[in-house]
Amino acid sequence: MRFVEEFRDAELGRALAAEIRSLVQDGRTYKLMEVCGGHTHSIYRYGIDGLLPDGVELVHGPGCPVCVLPMGRVDDGIALAHEPNVIFTCFGDMLRIPGSHGSLLDAKARGADVRMVYSPLDALAIARRNPEREVVFFAIGFETTAPSTALTLMRAKAERIANFSCMCNHVTIVPPLRALLDSPALEIDGFIGPGHVSTVVGARPFRFVPEDYGKPLVISGFEPLDVLQSIHMLLTQLADGRREVENQYARVVPWEGNPRALAVIAEVFALRPHFEWRGLGFISQSGLALSDAYAELDAERRFSIPGIRVADPKACQCGEVLKGAIKPWECKVFGTSCTPERPIGTCMVSPEGACAAYYSYGRHAGQREATRENALTGAGEAYP
Amino acid sequence: MSGATRQERIGEIVQRTRARPARFRDEHITMAHGAGGKASQSLIEGLLLPALRNDALAALGDAGTIAVDGVRLALSTDSFVVTPIRFPGGSIGELAVNGTVNDLAVSGARPLALTLSLVLEEGLPADELRAEIDAIALAAAAAGVQVIAGDTKVVERGHADRMYACTTGVGVLDPRAELSTSALCPGDRILVSGAVGEHGMAIMLARDEFALEADIRSDTRSLWPAVDALLDAAGADVHCMRDATRGGVASALNELARASGVAALVREREVPVAPAVAGACELLGIDPLYVANEGKLVAFVAPARARAALDALRAVAGCEQAADVGEVLAEPPGMVLVDTAFGGRRVMDLLAGDPLPRIC
Amino acid sequence: MCLAIPGRVVEVVDDADQLAKVDVAGVRRTVNLALLDADPHALIGSWVLIHVGFALSQIDEREALATLQLLQEMGEDYEQQLRELRESAVE
């Protein structure tokens, strides 16, 4: 696979890891936050944290759009799924996210017609094929995914598809990042910036991070070499005394973003005055809703949904994990009452949630040593 | 208490919790219970085992063994509910034969005979049924077994998704075989008999949910020739074998590591995966190690005979890509670890449910 | 952030709807190119980033090579240092 495998080269990984080690000053610790759930997943899947020197700590951020969805919105989705005649469509990641009384998968077991789709266009196709049913698409994602939903809605409107609607849970990246930077407890030295959101919004919107808060941010790709190189670039900035936005993922991310994608978002969506984020509370201007021009395709207007705000279960500390305030294993219910099979919160269910990633991939204490050994000796490579 | 100590303690607590028999506490059956991951495990360990209580079942092998007048027999059963019933590389009939044949084979039993139970949907075209019966006959002949009894039921339109098939098979345990799910030894080499993830991806593509096109075919075939070759080359030094079906190689390794109280270490780079399967998995965000196979086994062989076993396996038609993908470790018990192609190490746990494609 | 993967545009499926077949290691899927603001035919043979059935961005091959080159140079420096280390140890 081109543009993928070259960035998984183990030898280059070892070299980069060595370079990173040489940048780390004795006794100094660095806390770097990867904002994006995709990076969290990558870090654990490739055992990258094990390749870093002890002084470099990775903190996981809230960039998992599934993880930050509050329980009340999941309940709303489930209510829609139970509406008579509805075919409820969503991405695979949504199916096991717990609401107050079970997940969408449980709703399916109880008789709701819940179907997983890979693309919003597939949901629209289901609507075309089933004219007598109401098809609802549960839209989630940051600005990465919003343009795809937008184009799908534009198509639905142009073709006058009457039996299709969308429940919109799209969120934007800058407000929660700002909210994080504003919280007093946070002590992050630098940010591994979201790679795919940036293909849409560009690098410009992140300038406030160095300019207003004095922290470096490097927009990063998702392959392990990308993540390591971004860490290297962050540490180099810190060593040089520079604070700026850099683009490690230049092969994919245009500095100015994607104007067409931004245009369709502007046409189809409007910013909600505020939106609730799991663990971060209400953040203004952080969520998207369908604009008035697309009101007739808005599932929240077509159907009546409970719209009840549900507090996270008392035991759940997802909010603190999402803010990077605590590590997954520091959550009081991690691994005991909260496991991937019986999750209490979203961080444990979403494949990109920090807790799920740590539980599934990272849980072995002896790993760091083993990984470091492999990294230094090249073992784990050619096996006789 | 320092951070590191808490992390280790939590790790230990999680380990202990996972080592306990799974409890079955769900209120409804969901699709996850059929996926071969943790939910399936809770159903088996938490509901079936306690109720049915016997040593043969408790071994949780692919087949159950029973001695009759000094002859050791193996019995196994499998239901097939795949949809669509025809897919690139095979059909439900073929799966029904090979599935049970393989469960017997990897338990060390030469498959002898099958029974066949069919549940047919009202309205199923006779031609489709005919095609499946032909497929069953062909597969049985290829596997060297006879279908000696059967049953047919018909249910109303809307049930049985065209047809469900269930086969039960009997075989005689081969004298060369000394296999057990609890016989994995630290140092054992882990062999897989070929490229992984083909069946599951073929079905995923055939279902058209994701509108992907690729030349991926199910790998359904009888594993007896592979088992025969392994037993010939390494006999009692083959400690265990498993048919890597639902949940893929990852699930098989997890189940056996758990049963034997050992760890399995996989070297990701050594695992054979066809490029198209790798590409489809990338697109959907699935790990090929979790994807179902229908013609692949994993075998645990004592290190002294592992090379000979691998060579013998590679000489079997269809197993040319067999590979040594890792080894058994003493610790941490019940865990599967992966040395990633990139050089890091991570855990490879049982999936909680279905390998749902990661989208966002 | 969300799962996106590079694929090569191999054939235009629908001009009006800007749909094309994109290939990832032999697996093909129809992808919507409307976000790319370019004529689908002009994109045949180029690499794009695919996300939920849409192309989000065109992959800049020069940048990809530049990034790899940088990494490879670092790799060579490292190998060089390792060699020097081993050689000095022998003496």
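Placed above this text is the structure.
A short tour of the structure in this document, coming up. A quick note: this is a predicted structure, and the numbers were derived from the prediction, not measured.

Within this structure, the stated rule accounts for 51 salt bridges over all chains. A:Arg128 is paired through a salt bridge with A:Glu159; the nearest N and O atoms lie 2.9 Å apart. Here A:Arg128, found in helix H5 (residues 120–129), pairs with A:Glu159, found in the loop between helix H6 (146–158) and strand S6 (164–170); they are 31 residues apart in sequence, far enough to count as distant. For A:Arg128, a relative accessible area of 39% puts it in the partly exposed group. A:Glu159 sits in the partly exposed class, given a relative accessible area of 36%. What emerges from the salt-bridge pattern is a single network uniting B:Arg189, B:Arg267, B:Asp324, B:Glu327, B:Asp339 and B:Arg345.

Moving on: the interface of chain B and chain A. Many structure descriptions define interface size as the accessible area lost when the parts assemble. Every contact between the two is made by 52 residues of chain B and, on the other side, 58 residues of chain A. Taken together, the links from chain B to chain A amount to 4 salt bridges. For B:Asp26, the salt bridge goes to A:Arg342, with nearest N and O atoms at 3.7 Å. Where chain B touches chain A, the interface holds 7 residue pairs in polar contact (both at pLDDT 80 or more). Those elements giving two or more residues to the side of chain B that touches chain A turn out to be helix H1 (3–19), helix H9 (275–284), strand S14 (336–339) and strand S15 (345–347) of chain B. In terms of residue count, H1(B) provides more of the side of chain B that touches chain A than any other element does, 10 residues in total.

A few words on the sheet that holds strand S8 (residues 217–219) of chain A. Residue and element names in this part refer to chain A. Across the sheet, which stays open at both edges, the 5 strands sit in the order S2-S1-S7-S8-S9 with parallel pairing between neighbours. Of all the strands in the sheet, just strand S2 (56–63) and strand S9 (245–247) have a single pairing partner and so form its edges. Neighbour to neighbour, the strand axes of the sheet diverge by 20 degrees on average, direction disregarded. In the packing of helix H2 (residues 37–45) onto the sheet, contacts are made with strand S1 (30–36), S2 and strand S7 (190–193), and the angle to S1 comes to roughly 120 degrees.

Relative to the elements of secondary structure, C:Lys21 occurs in strand S2 (residues 19–24). In contact with C:Lys21, other than residues within four places in its own chain, are B:Glu213, C:Arg8, C:Val9, C:Val10, C:Glu11, C:Val13, C:Arg28, C:Arg29 and C:Thr30.

Time to look at the nonpolar core. A:Phe88, A:Phe164, A:Phe269 and A:Phe334 are the most contacted members of the largest nonpolar core, which totals 151 residues. Excluding anything up to four places from it in sequence, A:Phe164 contacts A:Ala123, A:Leu124, A:Ala127, A:Val135, A:Phe137, A:Thr152, A:Leu153, A:Ala156, A:Leu297 and A:Arg302. Core analysis: the second largest hydrophobic core is formed by 28 residues, A:Phe7, A:Ile192, A:Val227 and B:Phe342 among them.

Attention shifts here to the pairing of strand S11 (residues 274–277) of chain A. All names here are of chain A. Relative to strand S12 (residues 281–284), S11 runs antiparallel, the two being bridged by 4 bridges. Note on S12: the bridge partner recorded for tryptophan 277 is glycine 281. Joining the antiparallel neighbours S11 and S12 is a turn of 3 residues, in which glycine 279 adopts a positive phi near 80 degrees.

Here we come to the sheet that holds S6(A). To summarise the sheet geometry, strands pair through backbone hydrogen bonds and adopt either a parallel or an antiparallel arrangement. All names here are of chain A. In space, the 4 strands of this open sheet follow the order S4-S3-S5-S6, with parallel pairing throughout. With one partner strand each, in any of the chains shown, strand S4 (113–116) and S6 form the two edges of the open sheet. Direction aside, the axes of adjacent strands within the sheet are offset by 20 degrees on average. As paired strands, strand S5 (residues 134–141) and S6 are joined by 7 bridges and run parallel to one another. Bridging across to S6, alanine 139 finds its partner in cysteine 168. Strand contacts of H5: strand S3 (86–90), S4, S5 and S6, with the helix running at about 175 degrees to S5, the strand carrying the most contacts. With respect to the sheet, H6 is in contact with S5 and S6, its orientation differing from that of S6 by roughly 160 degrees.

On to the state of the cysteines. Applying the stated criterion across every chain yields a total of 1 disulfide over all chains. Between A:Cys64 and A:Cys67 runs a disulfide, and the two sulfur atoms are separated by 2.4 Å. Handedness of the A:Cys64-A:Cys67 disulfide follows from its S-S torsion of about 70 degrees: it is right-handed. Each member of the pair, A:Cys64 together with A:Cys67, is buried. With no disulfide of its own, A:Cys316 lies closest to A:Cys318 among cysteine sulfurs, the gap being 3.6 Å. Cysteine B:Cys240 is unpaired, with the sulfur of B:Cys185 as its nearest cysteine sulfur at 11 Å. For B:Cys240, a relative accessible area of 3% corresponds to the buried category.

Take unusual backbone geometry next. All names here are of chain B. Residue proline 84 follows threonine 83 across a cis peptide bond; omega there is 0 degrees. Relative to the helices and strands, proline 84 resides in the loop between strand S2 (71–80) and strand S3 (86–87). In this structure, the amide linkage connecting glutamate 331 to the following residue, proline 332, adopts the cis form with an omega of -10 degrees. Examined against the element boundaries, proline 332 turns out to sit in the loop between strand S13 (323–329) and S14.

All right, on to the interface of chain A and chain C then. With 52 residues of chain A at the interface, the matching set in chain C holds 36 residues. In this assembly, chain A packs against chain C so that about 3,800 Å² is buried in total across both faces, 67% of it on carbon and sulfur atoms. Among the residues chain A hides against chain C, the three largest losses belong to A:Phe3, A:Tyr118 and A:Arg251. Together they make up 16% of the total. Applying the counting criterion to the chain A and chain C interface returns 3 salt bridges. Here C:Asp17 ties to A:Arg155 by a salt bridge, and the two come within 3.8 Å at their closest N and O atoms. At the junction of chain A and chain C, the tally comes to 9 residue pairs in polar contact (both at pLDDT 80 or more). Contributing elements (two or more residues each) for the side of chain A that touches chain C: helix H1 (10–23), H5, H6, helix H8 (197–201), helix H10 (224–240) and helix H11 (259–268) of chain A.

Put simply, side chains in a regular strand alternate between the two faces of the sheet. All names here are of chain C. Taken across its 5 residues, strand S5 (residues 54–58) has 4 buried, putting it largely inside the fold. When strand S4 (residues 47–51) meets S5, the two strands line up antiparallel, connected through 4 bridges. Within the sheet, the bridge partner assigned to leucine 49 lies in S5 and is serine 57. Where S4 folds back onto S5 in an antiparallel hairpin, the turn is made up of 2 residues, including valine 52, whose phi is positive at roughly 40 degrees.

What follows deals with the packing of H1(A) against H10(A). All names here are of chain A. Between H1 and H10, whose axes approach to 10 Å, the crossing angle comes to 20 degrees. Relative to H10, the element H1 lies roughly parallel. Helix-helix and strand crossings are classified by hand; for H1 and H10 the assignment is left-handed. Across the interface between the two elements, Leu12, Gly13, Leu16, Glu19, Ile20 and Leu23 of H1 pack against Leu225, Leu228, Gln229, Ile231, His232, Leu235 and Thr236 of H10. Taken together, the residues of the contact of H1 with H10 break down into 8 nonpolar, 4 polar and 1 charged.

What counts, and at which threshold
Residues numbered from 1 in each chain as written. Chains lettered and ligands numbered in written order. Predicted model: local features only at pLDDT ≥ 70, side-chain atom pairs only at ≥ 80, totals over all residues. Heavy atoms only, no water. Salt bridge = Lys/Arg side-chain N within 4 Å of Asp/Glu carboxyl O. Helix = DSSP H or I, 4+ residues; strand = E, 2+ residues; numbered from the N terminus. Buried < 20%, exposed > 50% of the residue type's maximum accessible area, 1.4 Å probe, protein only. Contact = heavy atoms within 4.5 Å. Polar contact = N/O pair within 3.5 Å; in protein donor to acceptor, adjacent residues only side chain to side chain. Pairing = 2+ DSSP bridges. Axes fitted to C-alpha atoms, helices over the stretch in contact; angles between N-to-C directions. Core = buried A, V, L, I, M, F, W, Y, C linked by side-chain atoms within 4.5 Å. Disulfide = S-S within 2.5 Å. Buried area = accessible area lost by both parts, 1.4 Å probe. Parallel < 35°, antiparallel > 145°, perpendicular 65-115°, else oblique. Left-handed = near helix turned anticlockwise from the far one by under 90°. Nonpolar A, V, L, I, M, F, W, Y, C, P; charged D, E, K, R; others polar.

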